[in-house]
Amino acid sequence: MTSTTLSRRVRIPAIAVAAGALVLSACSSGGGDGKDKPSKEPEIKQQTISIGTAQDSTGPAPDLPGAKKGGTVTVLQRDAFEHLDPGQIYVSDELIMQTLFNRTLTTYKVDDATGKVTLVGDLATDTGKSTDGGKTWTYTLKDGLKFEDGTPITSRDVRHGVERLYAKYQVSGPTYLQQWLSGPGQTFRKALPDGPYKGKHLPDSVLETPDDKTIVFHFDQPRAEVPFAVAMPNITAVPAAKDTQERYDKAPVASGPYKIQNFKPDKGIEFVRNPSWDPKTDAVRHQYVDKFSVTFGHQWVDSTRRLVAGQGADRTGMTFTNAVDPSLISTVLKNKDAMARSFTKTQPYVDVVSFNMDRLKDKRVRQALAWAWPSGQVLQQYGGVKAGEVAGGLVGPTLKGYQPFDPFEKKKYPAGNPEKAKALLKEAGQEGKTIVYAYANTGPAQNSAVVVERALEKAGFQVEKKEIDSTTYYTQIGKVKNQFDAYRSSWGADWPSASTVVPPLYDGKNVYDDSANYAHLDSASVNADIAKAEKIGDIDQAGSEWIKISQKILTEEVPQVPIFYNRLFTLWGSGVGGVKFHEPYGAVDPTAVFVK
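Since we're looking at a predicted model, the values are computed, not measured.

(A) Structural context of the overall build of the chain. Summing up its helical and strand segments, the chain has 16 helices and 22 strands in all. The C-alpha radius of gyration of the chain comes to 23 Å, within 12% of the 25 Å expected for a compact globule of 596 residues. The dimensions of the chain, computed from C-alpha atoms along their principal axes, are 70 × 55 × 40 Å. Within the span of the chain, comprising 596 residues, buried residues form 63% of the whole. Carbon and sulfur atoms make up 49% of the accessible area of the chain, which amounts to about 21,200 Å² in all. Distance between charge centres in the chain, computed from 73 positive and 69 negative side chains, equals 3 Å.

Have a look at this one:
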């Protein structure tokens with residue numbers, strides 16, 4: 001998931017069921033009364049993404065049984081796409097959308113039949129070759145790669161794509177590679193403050209393109225996760241001659257099977273065939289559909305009803321990230337036809353509430369809040385087990401090294417443990433303490449606030465509720481000097497390692513406005529643990545270490561309380577085939593969709 005500078009997040013108005021929007025919780029009015037819950041929770045499968053070979057990276061992608069070319073697929077989305085520039089993309093609906101037109105050095109191959117996910121070369125022939133103990137990574141471009149205008153893609157275009165990320169206007173995308181190459185936090189920008197636009201470049205000792213096909217990255221320490229970092233949408237090819245800088249956000253040049261047509265901000269966008277895309281170069285994508293016609297402004301109630309009915313254009317309709325609306329879950333569960341064209345999948349997003357450690361300095365108060373928080377009741381407002389699983393730890397179950405962890409006994413006490421909280425408040429001499437709770441002005445968040453208020457008052461707190469416009473919610477809670485004590489957010493791992501969760505959210509160097517460290521945690525001990533873990537060159541060993549650090553943070557620092565691990569319950573029209581779940585992005589994968 002992103003704080004706009006560090007890792008990806010879901011959009012604020014959404015719920016745990018969606019990977020295109022943020023995720024909140026509501027009351028029985030929004031998620032049912034529990035009478036229609038499934039008899040058991042969907043199975044959680046720990047995400048295991050294998051590293052593919054050069055053969056795995058070779059196109060074309062195998063055809064799907066029954067797939068055919070032609071037709072238009074309508075896509076119903078609640079949120080308008082804010083960014084089209086791959087360098088600025090970092091929320092889940094845009095992450096999945098860009099797979100249609102944008103190609104990166106590596107990408108994910110999803111086998112729907114087996115659920116297997118493999119990291120493969122995309123623009124590159126493989127997932128990279130490392131030397132120098134993992135400090136140097138070399139990528140070779142495939143033959144036959146072209147932009148939508150037919151211009152060949154070269155290593156210079158990839159270099160330009162990376163160097164433009166250093167420019168000041170690039171503020172919304174991931175920063176892993178830039179930080180690894182040039183310095184932590186925002187200091188990397190000093191290496192190339194104007195990007196490549198004034199004729200300057202990163203030195204060859206950092207980023208090297210010795211010929212038209214080769215890109216070499218040089219790091220100051222081993223970086224075992226580079227193959228995953230270069231799968232992010234911003235590590236792509238951008239032609240310098242067509243780079244319009246800020247305006248590129250409205251009309252990027254396509255390298256994938258589709259190109260952009262008729263983009264109307266806040267209304268919709270169309271993706272049509274890119275005739276310059278060669279399927280022999282692509283191991284992942286297909287070009288079955290003539291056009292994807294995306295329209296914005298469809299609330300979940302609207303998209304659910306339309307896709308269940310499947311009339312007219314909605315018969316060949318789908319969504320990237322809209323979920324079944326909580327108020328309609330029980331209705332959909334009883335509809336065998338709709339359920340036959342649906343899935344419920346665990347996403348890499350974790351819903352949490354952060355405690356402002358600048359205001360709540362007494363650890364016992366934070367502990368009391370954690371014990372009192374009604375995580376299960378909040379989740380129920382979003383649809384119960386179809387929306388997610390009550391969370392115990394800060395790291396979700398799809399990540400490498402995950403272990404069940406529930407120090408505040410959220411599964412045992414889904415409505416919170418007020419007695420434990422009262423005892424901690426009494427010990428701290430803070431009985432009756434007022435908590436300023438901020439939440440967005442969406443239905444689920446408003447309903448959730450009622451549930452939270454009741455639970456905290458039962459535990460001995462006073463609650464002052466502060467409602468925030470959803471369009472500015474992250475901006476408001478992202479201010480270091482905000483005047484709130486507690487506020488929720490949702491965070492998604494960028495690949496199946498907690499290395500994309502722990503540092504962005506809990507490293508002290510990330511305490512600044514618009515950072516994802518919403519709790520303002522700055523612990524010398526935690527900072528040292530993070531710095532040590534970042535130097536581990538083995539992915540499996542590092543994965544386990546990140547889990548340990550996350551557990552230490554939750555129990556010893558208590559900067560947040562986990563609420564739930566997100567699930568996506570969604571459906572599509574009866575005239576659409578090839579729908580599958582993209583685990584890394586937690587969304588509906590459109591790359592093999594066809595019209596029946």
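(B) Representation of the sheet that holds strand 14 (residues 388-390). An order of 14-18-13-17-15-16 is seen for the six strands of this open sheet, with the pairing classed as mixed. Edge positions in the sheet fall to strand 14 and strand 16 (462-468), since each has one partner strand and no second. Neighbour-to-neighbour, the strand axes of the sheet open up by a mean angle of 30°, direction not taken into account. By the bridge criterion, ten bridges tie strand 13 (residues 342-355) to strand 18 (residues 560-571) in an arrangement that is antiparallel. For Phe343, the partnering residue across the bridge sits in strand 18 and is Thr570.

(C) Inspection of the nonpolar core at higher detail. Phe355, Trp373 and Phe461 are the most contacted members of the largest nonpolar core, which totals 74 residues. Residues in contact with Phe355, not counting those within four places in the same chain, are Leu360, Arg366, Leu369, Ala370, Trp373, Asp485, Ala486, Ala519, Val558, Pro559, Gln560 and Val561. Among the nonpolar cores identified, the runner-up in size contains 42 residues, and Leu141, Leu145, Phe217 and Tyr248 belong to it.

(D) Representation of the packing of helix 15 (residues 524-533) against helix 16 (residues 539-557) in the model. Viewed as axis vectors pointing N to C, helix 15 and helix 16 meet at an angle of 175°, and their least axial separation amounts to 10 Å. Taken as axis vectors, helix 15 and helix 16 run roughly antiparallel relative to one another. Contacts from Ser525, Val526, Asp529, Ile530 and Ala533 of helix 15 reach helix 16 at Glu545, Trp546, Ile549, Lys552, Ile553 and Glu557.

(E) Spotlight on the pattern of salt bridges. According to the stated counting rule, one finds 30 salt bridges in the structure shown. In this structure, the salt-bridge partner of Asp204 is Arg159, at a minimum N-O distance of 3.5 Å. Linking Asp204 in the loop between helix 4 (176-182) and strand 7 (207-211) with Arg159 in helix 3 (residues 155-163), this pair joins segments that are 45 residues apart in sequence. Connected through shared salt-bridge partners, Arg103, Asp122, Asp282 and Arg285 make up one network.

(F) Structural view of the pairing of strand 7. Two strands pair when backbone bridges link them, and strand 7 and strand 8 (residues 214-218) are joined in this way by three bridges, in the antiparallel orientation. Considered in strand 8, the bridge of Asp211 is made with Thr214. Between strand 7 and strand 8, which pair antiparallel in sequence order, lie two residues.

(G) Inspection of the pairing of strand 3 (residues 106-110) at higher detail. Most of strand 3 is tucked away, with four of its five residues classed as buried. Between strand 3 and strand 4 (residues 117-121), which pair antiparallel and follow one another directly, the connecting turn spans six residues, one of which, Gly115, has a positive phi of 80°.

(H) Seen up close, the packing of aromatic side chains. Taken as a whole, this structure holds 24 aromatic pairs when the rule is applied. Between Tyr166 and Phe188, the ring centres sit 5.4 Å apart and the planes meet at 80°, which makes this aromatic pair edge-to-face. Here the residue Tyr166 occupies a position in the loop between helix 3 and helix 4, and Phe188 occupies one in the loop between helix 4 and strand 7, the gap between them amounting to 22 residues. Accessibility classification places Tyr166 together with Phe188 in one group, the buried group. Here Trp180 and Phe219 contribute two aromatic rings whose centre-to-centre distance is 6.3 Å and whose plane-to-plane angle is 80°, an arrangement assigned as edge-to-face.

(I) Structural detail: the environment of Gly383. Counting through the fold element by element, Gly383 comes out in the loop between helix 10 (375-380) and strand 14. Between the alpha carbons of Gly383 and Val230 there is a distance of 35 Å; along the sequence they are 153 residues apart.

(J) Region of the structure containing the sheet that holds strand 5 (residues 129-131). Strands sit in the order 5-6-8-7 across an open sheet of four strands; the sheet is antiparallel. Either end of the sheet is taken by a strand with one partner, and the two such strands are strand 5 and strand 7. For this sheet, the mean angle separating the axes of adjacent strands, direction not counted, is 25°. When strand 5 meets strand 6 (residues 136-140), the two strands line up antiparallel, connected through three bridges.

(K) Representation of helix 16 within the structure. Counted at 1.5 Å a residue, the expected span for helix 16 with its 19 residues is 27 Å, and the 26 Å between its end C-alpha atoms agrees. Those residues of helix 16 not exposed but buried are Ala542, Gly543, Trp546, Ile547, Ile549, Ser550, Gln551, Lys552, Ile553, Leu554 and Glu557. On the buried face of helix 16, the contacting elements are helix 9 (363-372), helix 14 (502-506), helix 15 and strand 18. The opening residue of helix 16, the one whose side-chain oxygen lies 3.2 Å from the backbone nitrogen of Asp540, is Asp538. Count one or two residues on from helix 16 and you reach Val558, which has phi positive near 50°.

(L) Quick look at unusual backbone geometry. In this structure, the amide linkage connecting Gly59 to the following residue, Pro60, adopts the cis form with an omega of 0°. By the element assignment, Pro60 lies in the loop between strand 1 (49-51) and strand 2 (72-76). Even without being a glycine, Glu409 presents a positive backbone phi close to 50°. Its place among the elements puts Glu409 in the loop between strand 14 and helix 11 (418-428). For Glu409, a relative accessible area of 30% translates into the label partly exposed.

(M) The packing of helix 9 against helix 11, seen in detail. Running from N to C, helix 9 and helix 11 cross one another at 170°; their axes reach a closest spacing of 8 Å. Considered as vectors, helix 9 and helix 11 are oriented roughly antiparallel to each other. Viewed along their axes, helix 9 and helix 11 form a crossing whose handedness is left-handed. In contact with Arg364, Val365, Gln367, Ala368, Trp371 and Ala372 of helix 9, helix 11 contributes Lys420, Ala421, Leu424, Leu425, Glu427 and Ala428.

Criteria and cut-off values
Residues numbered from 1 in each chain as written. Predicted model: local features only at pLDDT ≥ 70, side-chain atom pairs only at ≥ 80, totals over all residues. Heavy atoms only, no water. Helix = DSSP H or I, 4+ residues; strand = E, 2+ residues; numbered from the N terminus. Rg over C-alpha atoms; globule rule 2.2 N^0.38 Å. Buried < 20%, exposed > 50% of the residue type's maximum accessible area, 1.4 Å probe, protein only. Areas by Shrake-Rupley, 256 points an atom, 1.4 Å probe, with all protein chains shown as cover. Lys, Arg positive; Asp, Glu negative; His and termini not counted. Charge placed at Lys NZ, Arg CZ, Asp CG, Glu CD. Pairing = 2+ DSSP bridges. Axes fitted to C-alpha atoms, helices over the stretch in contact; angles between N-to-C directions. Core = buried A, V, L, I, M, F, W, Y, C linked by side-chain atoms within 4.5 Å. Contact = heavy atoms within 4.5 Å. Parallel < 35°, antiparallel > 145°, perpendicular 65-115°, else oblique. Salt bridge = Lys/Arg side-chain N within 4 Å of Asp/Glu carboxyl O. Phe/Tyr/Trp six-rings, centres within 6.5 Å; stacked < 30°, edge-to-face > 60°. Expected span 1.5 Å × (residues − 1). Polar contact = N/O pair within 3.5 Å; in protein donor to acceptor, adjacent residues only side chain to side chain. Left-handed = near helix turned anticlockwise from the far one by under 90°.

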